[in-house]
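Residue-level structure breakdown
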Amino acid sequence: MLIDTHTHLFEDAFDEDIAEVIARAVEAGVSKLLLPNLEVASIPRLNALCDRFPDVCFPMMGIHPTTITADFRRDLEHIRAALEQRKYIAIGEVGIDLYWDKSRLKEQTEAFETQLRWSVELDLPVSIHTREAIPQVLESLHKVGIDRLRGVLHCFTGSRNELEEALRCKNFLIGIDGPVTYKKADFVDYLTLAPLDRLVLETDAPYLSPVPMRGKRNEPAYMVYTAQKLAEIYGCSLDEVMRTTTKNAETLFLL
Ligand SMILES: [Zn+2]
């Protein structure tokens, strides 16, 4: 059994065939799917999908750094209110992204740290998005309280130093997605510095399809290719990758 710990199945890309996508995931052994929220506007779609497939889809709540606008404080109030209205398994996805927009670092940081404090208050793990901003994200984690937080650094593709720093955050796991199967993935050279019991698998569907599906719409069933690549990198059996990463996800997200 595998758990896709980060997948955006409520996006338009799945409007036509979501039931088939979920059936293929379950068929491939990917029987639990964790869905991070993106913005206030996506909350109804996220909740509706999780209500439709309650044994498979589990929602997270948060606001994504690339959706932070001048009105982010008002958006945060909506997110906080949503957290009171049903059970969410995590805060996500939250973080800092300096690839798309460097001009809102201040706002992104405030929104990120506010949501990190909620995760402490509500005792929920966090799914963290970071792009060209690992030092800033680590700074916020330490500021809010690294020992009180737990979560995943989602879609890790950072440098050796950044991996080592991330591993020092004892309550945090490293999320591995399709890019681990790409030829130019430098981080594969030092990934094994992270023991298998610090990794979880993700798809980030509909994005980042693993080889041999690269270029197509990604979906949870394809996560098996990512697991196979990890078995190759770690020199262990596919079964060991599946057992260990599933156990890691179950422990972190209390599944
Ligand atoms: Zn995501």
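Above this text is the structure in question.
A brief look at the structure comes next. (Residues numbered from 1 in each chain as written. Predicted model: local features only at pLDDT ≥ 70, side-chain atom pairs only at ≥ 80, totals over all residues. Heavy atoms only, no water.)

Around the zinc ion, the donor atoms from the protein are H6 (NE2), H8 (NE2), E93 (OE) and D204 (OD), and they sit 2.0 to 2.5 Å away. Its four donor atoms give the zinc ion angles of 86 to 173 degrees at the centre, a pattern that matches the irregular case. Written as a sequence motif, the donor residues of the zinc ion are H-x1-H-x84-E-x110-D. On the accessibility criterion, H8 (2% relative accessible area) is buried. (Donors = N, O, S within 2.8 Å, 3.2 Å for Na, K, Ca; no water. Tetrahedral: all angles 85-135°; square planar, octahedral: opposite > 155°, others 65-115°. Buried < 20%, exposed > 50% of the residue type's maximum accessible area, 1.4 Å probe, protein only.)

This paragraph deals with helix α8 (residues 238-253). The terminal C-alpha atoms of α8 lie 22 Å apart, and with 16 residues this matches the ideal 22 Å at 1.5 Å per residue to within 8%. Residues of α8 that are buried: V241, T244, T245, T246, N248, A249, L252 and F253. (Helix = DSSP H or I, 4+ residues; strand = E, 2+ residues; numbered from the N terminus. Expected span 1.5 Å × (residues − 1).)

Spatially, the eight strands line up as an open sheet ordered β1-β2-β3-β4-β5-β6-β7-β8, and their pairing is parallel. Pairing within the sheet leaves two strands with one partner each, and these edge strands are β1 (2-4) and β8 (199-201). In this sheet, neighbouring strand axes are inclined to one another by 30 degrees on average, regardless of whether the strands run parallel or antiparallel. Where strand β5 (residues 126-131) lies against strand β6 (residues 151-153), three bridges are found, and the strand directions are parallel. Bridge pairing in β6 links V126 to G151. Lying over the sheet, helix α2 (residues 43-52) contacts β2 (30-35) and β3 (57-61), oriented at roughly 155 degrees with respect to β3. (Pairing = 2+ DSSP bridges. Axes fitted to C-alpha atoms, helices over the stretch in contact; angles between N-to-C directions. Contact = heavy atoms within 4.5 Å.)

What follows concerns the pairing of β2. Bridge analysis of β1 against β2 gives three bridges, and the strand direction is parallel. Residue pairing in the sheet places L2 in a bridge with V30 of β2. Read as a crossover between parallel neighbours, the route from β1 over helix α1 (residues 18-27) to β2 is right-handed. (Right-handed = clockwise from strand over helix to strand, strands pointing away.)

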